[in-house]
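Now for the letters of each chain:
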Amino acid sequence: MKPSAFEYVRATSVDDAISALSQHGDEARLLAGGQSLIAMMNTRLAEPKVLVDIGRLSDLSYIRVDGDALSIGALTTHNTVLQSAEVAAHCPLVSAAYANVAHHTVRNRGTLGGNLCHNDPASEMPLVASLLDAELVLRGSGGERRVAAEDFFVDTFHTAAHADEILTEIRFARQGAGEGWAFEVVSQLKGDYAIVAAGCRFAMVDGVCRGVRLGFVGAGPAIKRVAAAETALEGQPVNGATIAAVAEAAVGAVDPHADMHADVQYKLDLVQALSERVLKQAASRAV
Amino acid sequence: MTTTMDPRIPPSRQREKPGQDLKWIGKGIRRVEDPRLLTGRGKYVDDVVLPNSLHAAALGSPHAHARIKSIDVSKARALPGVAAVLTGEDVAKSTGPLPCFSNPPTEQRCVAIDRVRHVGEPVAIVAAESRYVAEDALALIEVEYEELPVVMDAAEAVHATGDAVIHPERGETNVAIHRVFEFGDVDDDFAAADAVIKRKLRWPRSGAQPMETCGATAVFDEGEGKFTIHVNSSMYNYVGWLIAVTLGVPVHKLNLVPTLAGGSFGSKLFIHKVPVIAAVLARECGRPVKYLEDRIDNMTACDHHGSDRIYDCELALDADRRMTSMKCTVIDDYGAYFQFGIGHHGNALSQITGPYQIGSVKVDITAVFTNKCQQGAYRGFGSEVSNYVMERMVDAACAELDLDPVAFRKTNFIQPDQFPYFIPTGNLYDSGNYPAVLDKALDLLDYDGWRQKQKDALAEGRYIGIGLATCQERSVFSSTEFWSLNDEAGFALTSSPEGVSIKIDPTGNAVVSLQAPFWGNSPETMATMVLAEKLTIDPANISITYADTDHGVSGTGPGGSRYTVMLAGAIVGAVDTIKDKLFKIAGHLMEADTADLELRDGAVGLKGVPGKEMTIADLAMQAHFFRLSFPDEPGFDTGLDATTTYDHPLTTMPSEDRKDLGIYYPIMGHMCHMPVVEVDIKTGQVKFLDYVAVHDCGTMVNPKTLAGHIRGGTAQGIGTALYEEYKYDANGQLQNASFMDYLVPTAHEIPANMRIGHVETPSPFTEYGIKGGGEGGRMGAPPALAAAIEDALKPLGVKADFLPLTPAKLRGLIREAEAS
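Nothing here was measured: the structure is a model prediction, and the numbers come from that model. (Residues numbered from 1 in each chain as written. Chains lettered and ligands numbered in written order. Predicted model: local features only at pLDDT ≥ 70, side-chain atom pairs only at ≥ 80, totals over all residues. Heavy atoms only, no water.)

### Comments concerning the overall build of chain A
Consideration 1: Helix and strand counts for chain A come out as 12 helices and 13 strands.
Consideration 2: Along the longest, intermediate and shortest principal axes, the C-alpha atoms of chain A span 60 × 45 × 30 Å.
Consideration 3: A separation threshold of at least 6 residues defines the contact pool for chain A, and within that pool the share at least 24 residues apart is 63%.
Consideration 4: Carbon and sulfur atoms make up 49% of the accessible area of chain A, which totals about 11400 Å².
Consideration 5: Taken together, the 24 basic and 34 acidic charged side chains of chain A have centroids lying 5 Å from each other. (Helix = DSSP H or I, 4+ residues; strand = E, 2+ residues; numbered from the N terminus. Contact = heavy atoms within 4.5 Å. Areas by Shrake-Rupley, 256 points an atom, 1.4 Å probe, with all protein chains shown as cover. Lys, Arg positive; Asp, Glu negative; His and termini not counted. Charge placed at Lys NZ, Arg CZ, Asp CG, Glu CD.)

Following this line, the structure appears as structure tokens:
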């Protein structure tokens, strides 16, 4: 379990990193916290020719409120986000989800940006970014652009970032006061990737749900938000009947695959159970 | 102490009686190993760094069963930094098959020749300037395979023919051995039964997963024609000489040097493939070679997967609800090789009837070959499986006959006044007090309180279950079980000794040489405490070393929960020798009769005369340097040391017909595990609410380290029960050969509030009455958890007849129950 030979470049600035990426194209990979990439390199599932280490770009590690957004620098570690009072105050969904992201030592080094760019289908944070209408700020040789989470996560291990682009910032929509939200995970070991996770948020306006965001991890290769389930709740109160309707819509819309830990029926059972749980919990939080 | 007139029981050789007023034994002192281990100063196998070393890597087979048609290593050899690339045929020119204890032996090579039998089996090995280059070289080796039929299902393996036969040299079958053992009148007992309970039970293949993998650094001295191999194996002073036989050198031309082992749990019992690979490459290259398995190597090819069994079991009960007989048919999937034969079933048979009075038993054992990594040792060595089976059958009887699981156990227990007690297989249980252990557990748990909480919770739709398992922990194995179950006995060795050397230096401090490695247990603490007790010296004045094979004597090492008992026996013997000499010297100098002397507080003193004494330090100085002060008799010759070997304290031969297996695992511990769990019926997740474990390991040497065994073993038992399983697909690919996919419970998954209790029923046969406790909780947690989960889901009628009970599997059972 040793990587094949590679060239190592330590980037001294974002521009420096972009220049290295531009020079080496598809042969280069960015190294942030290394918690997925290094393991893949050690098993030779990834064999980049050039590794561009952005680990020392400390100016990409920050958390700040920026108008309606909570901006988090791409190199902010998971534990920094998890422990941030600002995140808890403005995007409690992120904090709650992070309680189940990875193990402590991985969270010490792994970064939010690295996690999102890896886009592992079993990872919680891409779903969280989708639920929070996040914008991802990309910088490349062509300048800076912002991509909505819905467009950024293209497919399993695949994002909209170009080969010469670096994710610099994640801008989560700040959750409104009194918003209902919940995030639930079923994994066998705490901190492992979820078998199924579910998250939702909505505003309660005159007793009905507005701006519903509802989605899953583990419900299908590229499935995050589930429109049919969101539609089933939009404009509806949360009660036994709507919960059942939403869960039914979710179960009907997802497409989970069997893996060594769980059969399809089990994942569907979890989509059902977690749909009910997140709705109840979100409703109990909403005012 | 117990005396017995039963002629089948040899007289006790116990010298140090239980119940003495002891200063060190029984105290929870901190482990003497810890300061250097916890500060990162322990020397593990990867810390052996020799100048000019090469690093090895092995190319594992990608196929589970295939003929090797050709291997082209030319590109790998040409890679800069590569010193050697060897195929199986290259290796076989100088090196023979690996040691094997089955009879007839099953030929296994450190690098496969002609045929591969499981994924990960080495087909070529490389030595290079770094492990990086070695792995680059592996990628350049071109192997052409012809795939053979893959045998993965143990039940189907029985019927395999033709190319699906994995070891055709052993005959046209994948049945490695089939034997039926019957003890007592099973047919009569079943004919007379009032009720018969039947279950099919499944125990899954898992493994020990030590943090450190197997490794070795080998040096070949061409001048001396001698190998030195640093390795993290145990048993090197027992059967390590077989490595020399494999390497084709005289036994005295191999020195095995132990290193600390970063965990074993059985899986480093006797490492052969890894040191042989390192040695072969060292001889080829004329340079030291280090070979350390990576995690994939270890999980796919460590030669130490655990038991993998399918049981069909029947239990007979009489009208008074006493268990009278048991029948089991078991198929055990041994994987591709058969290094220990069915010794695992010898373990099982040593306590097959559990803590209960069951008069007869029949076991029909079929061991099969499949295309998986072979079985080896894992904490319990197969007896943990029979604990699971016995307790599951007890719970099944209670469920079907509507019996109270506590009362039923108490009725069927062997009672305290029945020891020493022969079970039907011929093994003896030395001592025990099973009702006391159960009562203590019930009390610690607040059993009645939890039953009430369970009722209240159910009213709220929550499913709480209370598990109960009362299990045996056989300890101090005897080597007769290595061969007594074979069709032909083979190498019928009868001793598994443990030696120790103790040297008292001129200042009165002691150096103890152990003949076995540090294995993650506490051998230094044990040796220190027993020596301090026996010689009345300060533990701070004792240091412990580990003898290599050049300097060591016989020693079998940890395994089968034997080490503390055996080490105590050896130390008692050695100290008796040293004491004799101290008394001789002191008697001469003090002009006293040696019979009037005693050891007290680091000195030899005249009995009944306080102040009249000489310190051991003073006497040691005399013993080392002042020979002319003493009479010209051999007993006064210079030095103060002793080397003593302790043989098994109580073992007898099996009968020729094997209707009586003899006494071979008699130092019998006992445990009661009581977990309380809550099952989330929607997700199948299991959460611990409480956990109590009460163990009886005889006289405790150190409650702190014993509790560590119990806690750690329980964590592994939880892994077996809820999480762990090697998952092979139909093609023989191991799908979870990493800790990302093979799930080992972490601190989050084990009960935070586990409470441990002890009962001490000393052995009448061992020094101080100590029994083994090293396999700890893994012997009891799996059946206790299965019982707890079944108890929680009793309202739904769910039966849990297999492990691991993962959330998906458990939810599946609940779904089925809800539908019916």
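### A word on the pairing of strand 7 (residues 143-148) of chain A
Residue and element names in this part refer to chain A.
Consideration 1: Of the strand pairs in this sheet, strand 6 (residues 135-140) and strand 7 are connected by 6 bridges, and their pairing is antiparallel. By the bridge assignment, Val137 is partnered in strand 7 with Arg146.
Consideration 2: Once strand 6 ends, the chain turns through 2 residues before running back antiparallel as strand 7. (Pairing = 2+ DSSP bridges.)

### Quick notes on the environment of Ser12 of chain B
Residues and elements named next belong to chain B.
Consideration 1: With respect to the helices, strands and loops of the structure, Ser12 is situated in the segment before helix 1 (34-38).
Consideration 2: By relative accessible area, Ser12 is classed as partly exposed at 25%.
Consideration 3: A sequence separation of 753 residues divides Ser12 from Phe765, and the C-alpha atoms of the two residues are 5.1 Å apart.
Consideration 4: Polar side-chain contacts of Ser12 include one of 3.1 Å to the backbone nitrogen of Gln14.
Consideration 5: At a separation of 2.7 Å, a polar atom in the side chain of Ser12 contacts the main-chain carbonyl oxygen of Pro764. (Buried < 20%, exposed > 50% of the residue type's maximum accessible area, 1.4 Å probe, protein only. Polar contact = N/O pair within 3.5 Å; in protein donor to acceptor, adjacent residues only side chain to side chain.)

### Some thoughts on the interface of chain B and chain A
By a widespread convention, an interface's size corresponds to the accessible area lost as its parts come together.
Consideration 1: The partner chain A presents 24 residues to the 29 residues of chain B that form the contact.
Consideration 2: Each partner contributes to the roughly 2300 Å² buried at the junction of chain B and chain A, and carbon and sulfur atoms together form 60% of this total.
Consideration 3: Broken down residue by residue, the surface that chain B buries against chain A is led by Tyr132, Leu743 and Ala808 of chain B, which jointly contribute 20%.
Consideration 4: At the junction of chain B with chain A, the criterion picks out 4 salt bridges.
Consideration 5: One salt bridge connects Arg815 of chain B with Asp269 of chain A, and the closest N-O pair in it is separated by 2.7 Å.
Consideration 6: The set of elements that each furnish at least two residues to the side of chain B that touches chain A consists of helix 4 (131-138), helix 9 (295-301), helix 18 (703-723) and helix 20 (807-819) of chain B.
Consideration 7: Its residues assigned to classes, the side of chain B that touches chain A shows 10 nonpolar, 7 polar and 12 charged. (Buried area = accessible area lost by both parts, 1.4 Å probe. Salt bridge = Lys/Arg side-chain N within 4 Å of Asp/Glu carboxyl O. Nonpolar A, V, L, I, M, F, W, Y, C, P; charged D, E, K, R; others polar.)

### Topic: the domain arrangement of chain B
All names here are of chain B.
Consideration 1: Assigned domains of chain B: these are domain 1 (45-148 + 214-292), domain 2 (309-480 + 655-819) and domain 3 (497-646).
Consideration 2: If you average the C-alpha positions of domain 2 and of domain 3, the two centres end up 40 Å apart.
Consideration 3: Between domain 2 and domain 3, the contact holds 20 residues from the first and 20 residues from the second.
Consideration 4: It is Val701, Glu767 and Tyr768 that lose the most area in domain 2 upon contact with domain 3, and together they represent 36% of the buried surface on that side.
Consideration 5: Where domain 2 meets domain 3, there are 0 salt bridges. (Domains from an automatic or database assignment.)

### Overview of the sheet that holds strand 5 (residues 69-73) of chain A
Residue and element names in this part refer to chain A.
Consideration 1: Spatial ordering of the open sheet is given by 4-5-10-6-7, a layout of 5 strands whose pairing is antiparallel. Of all the strands in the sheet, the pair left with one neighbour each is strand 4 (63-66) and strand 7. With strand direction ignored, the average angle separating the axes of adjacent strands in the sheet is 25°.
Consideration 2: Bridge analysis of strand 4 against strand 5 gives 4 bridges, and the strand direction is antiparallel. (Axes fitted to C-alpha atoms, helices over the stretch in contact; angles between N-to-C directions.)

### Digging into helix 11 (residues 383-401) of chain B
Residues and elements named next belong to chain B.
Consideration 1: The terminal C-alpha atoms of helix 11, which comprises 19 residues, lie 27 Å apart, in line with the 27 Å expected from a rise of 1.5 Å per residue.
Consideration 2: Extensive coverage of helix 11 is indicated by the burial of 16 of its 19 residues.
Consideration 3: One or two residues past the end of helix 11 sits Asp402, with phi positive at roughly 55°. (Expected span 1.5 Å × (residues − 1).)

### Quick notes on the confidence of the model for chain B
Consideration 1: Across chain B, the average pLDDT comes to 97, with 100% of residues at or above 70.
Consideration 2: Across the assembled chains, the prediction reports ipTM 0.96 with pTM 0.97. (pLDDT = per-residue confidence, 0-100.)

### Some details on the side chain of Arg295 of chain B
Consideration 1: Position of Arg295 of chain B among the secondary structure elements: in helix 9.
Consideration 2: Lacking a salt bridge, the buried Arg295 of chain B has Glu293 of chain B as its closest oppositely charged neighbour, with an N-O distance of 7.2 Å.
Consideration 3: A polar side-chain atom of Arg295 of chain B sits 2.9 Å from the main-chain carbonyl oxygen of Pro210 of chain B.
Consideration 4: In this structure the side chain of Arg295 of chain B is engaged in a polar contact, spanning 2.6 Å, whose partner is the backbone oxygen of Met211 of chain B.
Consideration 5: Excluding residues that lie within four positions of it along the chain, Arg295 of chain B makes contacts with Met1 of chain A together with Pro210, Met211, Glu212, Thr213 and Phe739 of chain B.

### So, the domain arrangement of chain A
Residue and element names in this part refer to chain A.
Consideration 1: Here chain A is partitioned into domain 1 (7-53), domain 2 (58-173) and domain 3 (180-285).
Consideration 2: Computed over C-alpha atoms, the centres of domain 1 and domain 2 are 19 Å apart.
Consideration 3: With 14 residues of domain 1 in contact, the opposing surface of domain 2 contributes 15 residues.
Consideration 4: Roughly 1100 Å² is buried in total at the junction of domain 1 and domain 2, and carbon and sulfur atoms are behind 70% of that figure.
Consideration 5: Where domain 1 meets domain 2, there are 1 salt bridge.
Consideration 6: For Asp15, the salt bridge goes to Arg139, with nearest N and O atoms at 3.1 Å.

### Concerning the sheet that holds strand 5 (residues 122-128) of chain B
Strand pairs in the sheet, formed through backbone hydrogen bonds, run parallel or antiparallel to each other.
Residues and elements named next belong to chain B.
Consideration 1: What the 7 strands build is an open sheet, ordered 3-5-1-12-9-10-11; its pairing is mixed. Edge positions in the open sheet fall to strand 3 (82-87) and strand 11 (254-258), since each of these has one partner strand only. Pairs of neighbouring strands in the sheet enclose a mean axial angle of 20°, with direction left out of account.
Consideration 2: One ladder, built from 6 bridges, connects strand 1 (residues 54-60) with strand 5; its direction is antiparallel. Residue pairing across strands places Ala58 opposite Ile125, the latter belonging to strand 5.
Consideration 3: The sheet strands contacting helix 4 are strand 1, strand 3, strand 5 and strand 12 (289-292), and the helix crosses strand 1 at an angle near 30°.
Consideration 4: The sheet strands contacting helix 8 (residues 273-285) are strand 1, strand 3, strand 5, strand 9 (215-221), strand 10 (226-231) and strand 12, and the helix crosses strand 9 at an angle near 35°.

### Things to note about empty space enclosed by the protein
All names here are of chain B.
Consideration 1: One pass over the structure, following the stated rule, counts 8 cavities of 30 Å³ or more.
Consideration 2: Roughly 70 Å³ of volume is contained in the largest cavity.
Consideration 3: Together, Ala58, Gly60, Gly120, Pro122, Lys273, Val274, Tyr291, Glu293, Asp297 and Ala301 line the largest cavity. (1 Å grid on protein atoms, 1.4 Å probe; cavity = no way out; pocket = protein on both sides within 12 Å on 5 of 7 lines; lining within 4 Å. Points joined across faces, edges and corners; volume = space filled by probe spheres on them.)

### Some details on the layout of surface pockets
Consideration 1: In this model, the second largest pocket occupies a volume close to 780 Å³.
Consideration 2: In this structure, the second largest pocket is lined by 36 residues; those nearest its centre are Ser187 of chain A together with Asp680, Gln685, Val686 and Lys687 of chain B.
Consideration 3: At the level of secondary structure, the elements contributing two or more residues to the lining of the second largest pocket comprise strand 11 (180-186) and helix 12 (264-285) of chain A together with strand 27 (667-680), strand 28 (685-696) and helix 18 of chain B.
Consideration 4: The element that contributes the greatest number of residues to the lining of the second largest pocket is strand 28 of chain B, accounting for 5 residues.
Consideration 5: Residues that form the lining of the second largest pocket fall into these classes: 18 nonpolar, 9 polar and 9 charged.

### Here we look at helix 15 (residues 523-535) of chain B
Residue and element names in this part refer to chain B.
Consideration 1: For helix 15, with 13 residues, the first-to-last C-alpha span of 18 Å sits near the 18 Å given by 1.5 Å per residue.
Consideration 2: Counting buried positions along helix 15 gives 13 out of 13 residues, so the element sits mostly inside the fold.
Consideration 3: Just downstream of helix 15, Thr536 is the residue with a positive phi angle, here 55°.

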